[in-house]
Every structure is written in C-alpha cells, then in structure tokens.
Amino acid sequence: MKFSLRSVSQRGGRLATISELGRHGDKTVTTPMCLVFTQAGTIPHLTNDMVQKLGKHAYPVHLPLPLLLESHEILQKYSNGIGDFLALKHHLLYLSVQDSTIRPPEGFNEKSFVSLWGRSGRLNVDVDKFMSVQEAFKPDWYQALCDSDAGKVGSRKRAHKSVERTLAYLDRCLEKHKESEVLRHSCIFGSIEGGSVAEERELSAKETAKRPVAGFVLEGLDTNGPLDSVLPLCENGKKEIIQSILNELPDEKPRILHGPLDPANILAAVELGIDIFDSTYAFLVTERNAALTFCVSPDTESMASNVGKLQDSCNLQRNLYETSLTDKIFKDDFRPLVVGCQCYTCTNHTRAYVHHLVNVGELLGKTLLML
Amino acid sequence: MSAPVNHSALTLKVLAECSVTKARACQLSLPHSVVDTPVFMPVGTQGSLKGITPEQLENSGCQIMLGNTYHLGSNPGAELFDKVGGLHKFMGWKRNLLTDSGGFQMVSLVALSEVTEEGVRFSNPYDAKDMLLTPEKSIEIQNSIGADIIMQLDDVVSSTISGPRVEEAMGRSIRWLDRCIEAHKKTKTQNLFAIIQGGLDSRLRTICLNEMSKRNVPGFAIGGLSGGEDKNDFWKMVTLSTDFLPKHKPRYLMGVGFPVDLVVCSALGCDMFDCVYPTRTAVSTNPTSKYAIN
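Residues numbered from 1 in each chain as written. Chains lettered and ligands numbered in written order. Predicted model: local features only at pLDDT ≥ 70, side-chain atom pairs only at ≥ 80, totals over all residues. Heavy atoms only, no water.

A word on the overall build of chain B
Then comes step 1: Along the backbone of chain B there are 10 helices and 14 strands.
Then comes step 2: A globule of 294 residues ought to have a C-alpha radius of gyration of about 19 Å, and chain B, at 18 Å, matches this closely.
Then comes step 3: Each principal axis of the C-alpha distribution contributes one length, and for chain B these read about 45 × 45 × 40 Å.
Then comes step 4: For chain B, the residues scored as buried account for 53% of the 294 residues in total.
Then comes step 5: Once local pairs closer than 6 in sequence are excluded, the contacts in chain B between residues at least 24 apart make up 66%.
Then comes step 6: Roughly 12,600 Å² of accessible area belongs to chain B as shown, and the carbon and sulfur atoms make up 56% of that amount.
Then comes step 7: Within chain B, the 30 negative side-chain charges are centred at a point lying 4 Å from the centre of the 29 positive side-chain charges. (Helix = DSSP H or I, 4+ residues; strand = E, 2+ residues; numbered from the N terminus. Rg over C-alpha atoms; globule rule 2.2 N^0.38 Å. Buried < 20%, exposed > 50% of the residue type's maximum accessible area, 1.4 Å probe, protein only. Contact = heavy atoms within 4.5 Å. Areas by Shrake-Rupley, 256 points an atom, 1.4 Å probe, with all protein chains shown as cover. Lys, Arg positive; Asp, Glu negative; His and termini not counted. Charge placed at Lys NZ, Arg CZ, Asp CG, Glu CD.)

Rendered as structure tokens:
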C-alpha cells in the first residue's frame, strides 16, 4: 500500500491518495475517506443491488470482527476469503478488532487474550487464533489485535497495560504476518492505546511507529459506542491527546479513527490529521429512524428549515444534522427527504412515505434511510 | 337486480388451456399493466413488501401485489390517500395493486369483533375507539387507496366450523356484495371482485355461486378456504367453484398458498393466488434475506 500526501494544511489536515491496493489493481482511494460500516458482513439494510446505488462511496468496506468470528471455521473450509464469501470481493476490505457502535464492557481482557462479543456471547481471542482468522478471512487491510480497555479515566496502571499488551500482540502478529504466504498482499495496522494518560499515549505512539505497519488506528478515545455517549473531541482534552499522538506518528502513513462521529467531530479530526473514518454515525442515525439532512452544498435545500417546526422534545444538537422521520409533521409532506438531493431515496420517495414506513415498522423504512 | 352495466376495468384473454386439467394461461389486462396468469401475488400488507423497494419488485417480474385495507385504513389512513392520489403514487409502484376488504383482518386480528347485518363492529387496537366497518365504508377506503382490484366486504367464517352460521354468512355475503356494488364509485379504474362463500358445504357454495354470478362483476374470488380445513374438503370446494364460474372472468383463490397448493389449484382452474407465507418466512427465518419467492 502506498500513501501519498497531496497537500497538508497548516493545522495538520491532509489530502492524500492511497494506491497499490494489492488485488485491486490500478484502483486508488483518496483521503479523508469513509469506510462503509457492515454488521455481520452486510451493509445494514442494503442488499447488494441497493449497495450499487451508493456508487463509488460503497468501495472501502469496514468489517468489524466480533460478529464474524463465529464464521472462522466455515471460512477456513471455504478458503476463498471473506470478500468472496460475502459477495464483496470487489470492495476494499478492512477488518477491525472491535465493533465501533458499541462499547464492550471493561475488565474482560487478559494478558494473553482479548474478549470479543459475538452472537452467542463472549469469545477469547489470542494472537494465534487472531492470525488464524486473518488467514482464513484474507482481508486487504486489518487492525492487529489490541487491548483498548484502558480502565477508569486516569488509571495509569491499566492504561500502561493496554499499551504493553497491544505492542506485544502487534509484534507477534507482525511475526506471523511476515511468515504468512496467504497474507502477503494484506496490510496490517497498529493501534495506539493508553487511555487518557498522556505519557502512555506518547509511549504507545512512539513504539508503534517503530514497527513496520501500514498505518495506525487511534483507539480508546471514547469515540465508540451508542450515539449519545460519544463526546465531542473538543472536550476532556481529547483534541490535545490526539495531537500528542499524531506528533509521534510518521506523516506518510494513514491514521484511522473509529466511531460514530458527527460532522463537526469529523471535521475537527480531519483538521488534526486523521485520514480515515467509518460510517457508523450514518448507521446509528438510521437506527433511530432519522435521515441525515444537513446542507452539504449550496444548492441542496436543507431540512434545517423545518427545525423550528419540530417539537421542543427533540434534542437541539441533533437537529443540526439529522431529522427524525417519526415526526408527525411529515405525514402528508410529499417532498423528498432533502429537496435537490439525487440519491435513490430522494428521487423515488417522499417524506410522507418514509414517515409511514418507520411509523408502522416496515423494513423498507430503514433501507431508504440507510441510503 | 339492476340492468347489467359494464363495471369492468379489465380484460381477460385466455391464451391456452390444458388438455388434461382445467388449467389455463391467460393475460389479464388491468389499468396499470398486464398480468400473466396463473399468478402468485405477494402481500405487501402496509404498502411495502418486507424490505424490497418497488424498483426491486418490478425487476423481479412482479406484476401485481397486495395491500391490506385494514392496516392501510389505519395507517396512513384514507384521508392521506385522497391527498396523495392513491397507494400507487404513495409508494411509487407503477404496476397493479389489489386490496382486500379489511374484513378478514378484523375478524382474525381483533379480539373483540361482532358481525351484524350492518357490518363488522370492533374496537380499534390502535386507538381503542369503537369502529364499524360496513360494506360502504370498506369500498370507500378501497376507492381512496385506488387499487386496480378491490374486494367486496364478505362475512367470513372459519372453514372448520359448520352449522347455521355458515349459511347465514353466505347469505349475508351476497347482500353485502350488492351494497358494495352500489357504493363503488370508481368502476372505470377499479375492479370489484365478488367473493364466493359457503364453507365446505357444496349446497351452500352452489347457491352462492348461482347468486353471485348473476351480478355483473369483473371477477370472482373463492373465499372462506385455506383456513386449516382438510385438504380433501378444500380441493372439492375449489373445483366446484371453478366448474361453475364463467371462463372469461378471472378466478382468485384467496389465501393460497404453499407451492403444492398453487400447482394443484392452477390445475383446477384458478388464475390468481396470494399468501403471506413467503414474506413471513423470509422475515422470520433470516433477517437479511429479503427476497420473496417469485
């Protein structure tokens, strides 16, 4: 994988191109980039023909490991890799350790294994199992096994453990990666841990940067989990922590930040120097029957004009980016979700129809919102 | 009986007939598009087919689908359909729609419902209000929804019961058919089908067939079956009906069904079928598999 910077802003934000994508031939991707989040191997609510309607935006796919772990044996027998198995082989596939829409419970990682929560409960994954999974799945990119549980805020001891263990896992993963014929076209990403303890963060970043990884994932910054629990990056000194991490990382490798970040947080993160995000925000907004309706270009009429008409019970912060289709105000509103938008949903359907679908719990409601 | 008036907004062209069975292949031309029969009509109860977009449904070859008047009459309601111009426009479906009368759901879904000559009285589970669904009201809602085929309100009884209730229901269904015909305002764009009742009693079925075929409706449905009765009784009532019903009008066997039943009943001369089985199974067994059986 080759990461080429095209421009860097004064504050640290960058535009770049990633090429040499292994089995994807001449394809390139540009950053900042959004990975398309999947759940148990499918893009939520969308069948493959609907995914085609996303066009090029559907290209880099994010596969969180937890819900796929139980398919390990099947994939070993299948032997053609997870892309083929999921009918996603034409997409760039990135396998992360955790699912960024949830916060796994604290206290379940040990020195030799990390806990992942699959469909049937908790699974303990050590490096051997983890790398065996990678060899069966054959992703394009994958995040090395990591311990992102930094314990309670300010806990130095646990934060240090998360750093030490993650580096140890990384080194063993790298060893096995190097020996693996099957993974020779795959790229491995290292994770930066250390919780909220600045010294641990610096240590993690410095040490991980020394290893031959293709890029970095910034973990443990409280950006995971359900929507309402993700705090703005500008609070609790998070911006400063991110800055201190990025100061230690080389410029010529991409940086990933997972989690349902709203547009303001994404822009803040890009300005600092983060390159890759996931679409968990869009997914979680859909799950609460809302559409993303903020203005992205001057000629798209924003639904923000309806904000004033919504009831006071709605959270004001939410109104900036999303509009809930459960609101009765849309019952007989026959305009598209966003006037002027050319997406499938807006060109074929109305606010009234989507409102009806979410109101009666029809599956199609979430499909149209997900698009 | 009023003088025969053309209440038909459809034409049926019989393309071929089986030399061994009563099966026939037809082309049914309805206001929105042509339908090739025998046809299985998937059920999109609330104006949507379990996660499939209208475009996907069209691409799969579906030419006609169902909506349920009971559900749609509650949400989003007839008033909204009047505003938007019907369910076709509301959901973006260009081909044909068929709505049932709402009667079956009320009897099957609602715990406390009472049938009188006036209509079906029940307590609406959505808002606990007392409601009366009359033949007139059912047609009014169906006129608003705007489906290409609409069904009369019939007095449905379970196929597993016997006794005077069956005859009462059959007689009432005939009287309600007349009220539906009278109430129907959109004969040029919507086809009202009669529904043959009579339970598993061939005498009662014959009376009903006799009477209902005197009414000049565009098509007939065979109702009151597929409710758990013995298959040996079931097919006898089907074949009795198709023997009697006019060949140049479509026959819709309601609530059928499983694949074997579709084949057998096509051989017995039925043209149209519907069943929630494929859509219900798809949703309950595998949440990510949304394709209805075509």
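What follows continues from the structure just given.
Some remarks on the packing of helix H12 (residues 351-359) of chain A against helix H13 (residues 363-370) of chain A
All names here are of chain A.
Then comes step 1: Two numbers describe how H12 lies on H13: the axes approach to 7 Å, and their chain directions differ by 130°. On the basis of the axis angle, H12 is oblique to H13. Relative to H13, the crossing made by H12 is left-handed. Residues Tyr353, Val354, Leu357 and Val358 of H12 form the contact with H13, whose participating residues are Leu364, Gly365, Leu368 and Leu369.
Then comes step 2: Taken together, the residues that form the contact of H12 with H13 break down as seven nonpolar, one polar and no charged. (Axes fitted to C-alpha atoms, helices over the stretch in contact; angles between N-to-C directions. Parallel < 35°, antiparallel > 145°, perpendicular 65-115°, else oblique. Left-handed = near helix turned anticlockwise from the far one by under 90°. Nonpolar A, V, L, I, M, F, W, Y, C, P; charged D, E, K, R; others polar.)

A word on the interface of chain B and chain A
Then comes step 1: Listed as interface residues are 22 residues of chain B and, on the opposing side, 23 residues of chain A.
Then comes step 2: With both sides pooled, the region where chain B packs onto chain A buries about 2,000 Å², and carbon together with sulfur makes up 57% of that total.
Then comes step 3: Where chain B packs against chain A, one counts three salt bridges.
Then comes step 4: For Asp332 of chain A, the salt bridge identified is with Lys83 of chain B, shortest N-O distance 2.6 Å.
Then comes step 5: The interface formed by chain B and chain A contains 11 residue pairs in polar contact (both at pLDDT 80 or more).
Then comes step 6: Of the residues contributing to the side of chain B that touches chain A, the split by class is 10 nonpolar, eight polar and four charged. (Buried area = accessible area lost by both parts, 1.4 Å probe. Salt bridge = Lys/Arg side-chain N within 4 Å of Asp/Glu carboxyl O. Polar contact = N/O pair within 3.5 Å; in protein donor to acceptor, adjacent residues only side chain to side chain.)

Some words on helix H6 (residues 164-183) of chain B
What sets the pattern is the α-helix's 3.6 residues per turn: residues three or four places apart point alike.
Residues and elements named next belong to chain B.
Then comes step 1: Counted at 1.5 Å a residue, the expected span for H6 with its 20 residues is 28 Å, and the 28 Å between its end C-alpha atoms agrees.
Then comes step 2: Burial in H6 covers these residues: Val166, Ala169, Met170, Gly171, Arg172, Ser173, Ile174, Trp176, Leu177, Cys180 and Ala183.
Then comes step 3: Looking at the buried residues of H6, the elements they touch are strand E7 (113-115), strand E8 (120-123), helix H5 (135-145), strand E11 (191-196) and helix H7 (202-212). (Expected span 1.5 Å × (residues − 1).)

Let's talk about the sheet that holds strand E9 (residues 130-133) of chain B
Residue and element names in this part refer to chain B.
Then comes step 1: Spatial ordering of the open sheet is given by E7-E8-E9, a layout of three strands whose pairing is antiparallel. Each edge of the sheet is formed by a strand with only one pairing partner; in this case those strands are E7 and E9. Looking at each pair of strands side by side, their axes are set apart by 20° on average, direction ignored.
Then comes step 2: Note that E7 and E8 share three bridges and pair antiparallel. From the neighbouring strand, Glu114 faces E8, where its bridge partner is Arg121. (Pairing = 2+ DSSP bridges.)

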